[in-house]
Every structure is written in structure tokens, then in C-alpha cells.
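Chain by chain, the residues run as shown.
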Amino acid sequence: MKVALIKDVSGLGKKNDVKTVSDGYALNFLIPQKSAEIATRAVLARVELTKKQEVAEKKIKEDLLSMNLHSIHDKVVEIEREANDKGGLFASIHKEEIAKLAHEELEVDILPEFIVLDKPIKELGEHKIDIKVNGKSATFTLNVKGK
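This is a predicted model, so every value here is computed, not measured.

Trainee: Report on the overall build of the chain, specifying residues and quantitative values.
Mentor: Per the secondary structure count, the chain includes three helices and nine strands. The helix and strand sequence of the chain, counted from the amino end, reads β-β-α-β-α-β-β-α-β-β-β-β. Dimensions of the chain, computed from the C-alpha atoms along their principal axes, are close to 55 × 40 × 20 Å. Each of the 147 residues in the chain was classed as buried or not, and the buried ones make up 33%. Placing the 25 positive and 25 negative side-chain charges of the chain at their respective mean positions leaves the two points 6 Å apart.

Below you can see the structure in the form of C-alpha cells.
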């Protein structure tokens, strides 16, 4: 049975993917859990439209960020987090949180995929955050302070 995923399903696919699954899996799990719906023509058309809109929105955000990269270069964003006495954070800081902080502090929309981060930030101190989009790049500093 072909289904269109309404939300991300671990081990199967992401939202708006169209997948072929067994009838039992679709009827007994995916559809009752509101994770998928049967892939009718109308549903497939809606999924395609949604995908096109998402691609267009991403392109607009890329272009805006590319034009505004100079405004974030060499800026400093400060954040307070709980840490142990050795300076290790209790909860690491990921790309998604950095993107949200940049939006709040620098007033620039940055998609997490544009942030170059080798691993999540797990300690206090200053961390250089690289942003790369459309072949251009900028760097700002994330200063993590303890509470």
C-alpha cells in the first residue's frame, strides 16, 4: 500500500515522503497513529505542492542569508547554561539551538544546515561558529557562560 507520511517516522522516512509499506503496517500502525495517510491522487498532489513550497522557501532564506552574511560576521552572541565545576555543560548546544539564538540575537534567519559545526558544544567558553551559504561564509562567536 502506498502512503504519504504526515510526520517523520523513524526507520521509514521523513514528512511528505511517499512510501510503499505492507497493508497491515499502514492500517494498524501508521494511519491510526496519524503518521501517514493513504496516497490518493489528491494527497499526492498536496504532497508535491508542499515540497515545491518548501524548496521555494528554502531558496528565499538562502538568498536573504547570503545577502546578510556581512551583518553577522565577527558578532558575539552570549548564552548562559548550567555547567559542572570543570566547565562541562549539562546539556550540549546543537545547530538548531544556535540557529534560534542567532535569529533572536542577530535578527538573521539561519537554517541549521548552513551552520558548520563538527560536534555539539559541550563546554563553557568562546566558540567560533561558521556559517556557509551559496559559496559565501561568515563567522560569529558564541560565548557560553555558566550560571
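Trainee: Account for the layout of surface pockets, naming residues and giving values.
Mentor: In this approach a probe as big as a water molecule rolls over the atoms, and the regions it shows empty are the leftover space. Each pocket or cavity is described by its volume, and for the largest pocket that value is around 180 Å³. Residue lining of the largest pocket: Val116, Leu117, Asp118, Lys119, Pro120, Ile121, Lys122, Glu123, His127, Lys128, Ile129 and Asp130, and that is the complete set. At the level of secondary structure, the elements contributing two or more residues to the lining of the largest pocket comprise strand S7 (121–123) and strand S8 (125–133). Here the lining of the largest pocket gets four residues from one element, more than from any other, and that element is S8. Its residues assigned to classes, the lining of the largest pocket comprises five nonpolar, one polar and six charged. Here the second largest pocket is characterised by a volume of approximately 150 Å³. Glu54, Glu57, Lys58, Lys61, Leu111, Pro112 and Glu113 are the residues that line the second largest pocket. Within the lining of the second largest pocket, the residues separate by chemical class into two nonpolar, no polar and five charged.

Trainee: Any details on unusual backbone geometry? Residues and values, ideally.
Mentor: For Asn16, which is not a glycine, the phi torsion comes out positive at approximately 75°. With respect to the helices and strands, Asn16 occurs in the loop between strand S1 (2–5) and strand S2 (18–20). A positive phi angle is found at Lys34, which is not glycine, with a value near 60°. Relative to the helices and strands, Lys34 is located in the loop between helix H1 (23–30) and strand S3 (36–38).

Trainee: Residues and numbers for the nonpolar core, please.
Mentor: In this structure, Ile98, Ile110, Ile121, Ile129, Ile131 and Leu142 are the most contacted members of the largest nonpolar core, which totals 26 residues. If you list the elements that add at least two residues to this core, you get helix H2 (41–72), strand S4 (76–81), strand S5 (88–93), helix H3 (95–106), S8 and strand S9 (136–146). A per-element tally of this core places H3 first, with five residues. Sequence-distant contacts of Ile121, defined by excluding residues within four places in its chain, comprise Leu89, Ser92, Ile93, Ile98, His127, Ile129, Leu142 and Val144.

Trainee: Help me get a handle on H2, residues and values and all.
Mentor: Relative to the 46 Å expected for 32 residues at 1.5 Å per residue, H2 spans 45 Å between its end C-alpha atoms, a close match to the ideal helical length. Along H2, the sharpest kink reaches roughly 40°, centred on Ser66. Residues of H2 that are buried: Val43, Val47, Glu62, Leu65, Ser66, Leu69 and Ile72. In this fold, the buried residues of H2 make contact with S1, S2, S3, H3, S8 and S9. One or two residues past the end of H2 sits Asp74, with phi positive at roughly 65°.

Cut-offs applied
Residues numbered from 1 in each chain as written. Predicted model: local features only at pLDDT ≥ 70, side-chain atom pairs only at ≥ 80, totals over all residues. Heavy atoms only, no water. Helix = DSSP H or I, 4+ residues; strand = E, 2+ residues; numbered from the N terminus. Buried < 20%, exposed > 50% of the residue type's maximum accessible area, 1.4 Å probe, protein only. Lys, Arg positive; Asp, Glu negative; His and termini not counted. Charge placed at Lys NZ, Arg CZ, Asp CG, Glu CD. 1 Å grid on protein atoms, 1.4 Å probe; cavity = no way out; pocket = protein on both sides within 12 Å on 5 of 7 lines; lining within 4 Å. Points joined across faces, edges and corners; volume = space filled by probe spheres on them. Nonpolar A, V, L, I, M, F, W, Y, C, P; charged D, E, K, R; others polar. Core = buried A, V, L, I, M, F, W, Y, C linked by side-chain atoms within 4.5 Å. Contact = heavy atoms within 4.5 Å. Expected span 1.5 Å × (residues − 1). Bend = angle between axes of the 7 residues up to and from the residue.

By themselves, these are just geometric observations and shouldn't be taken as functional.
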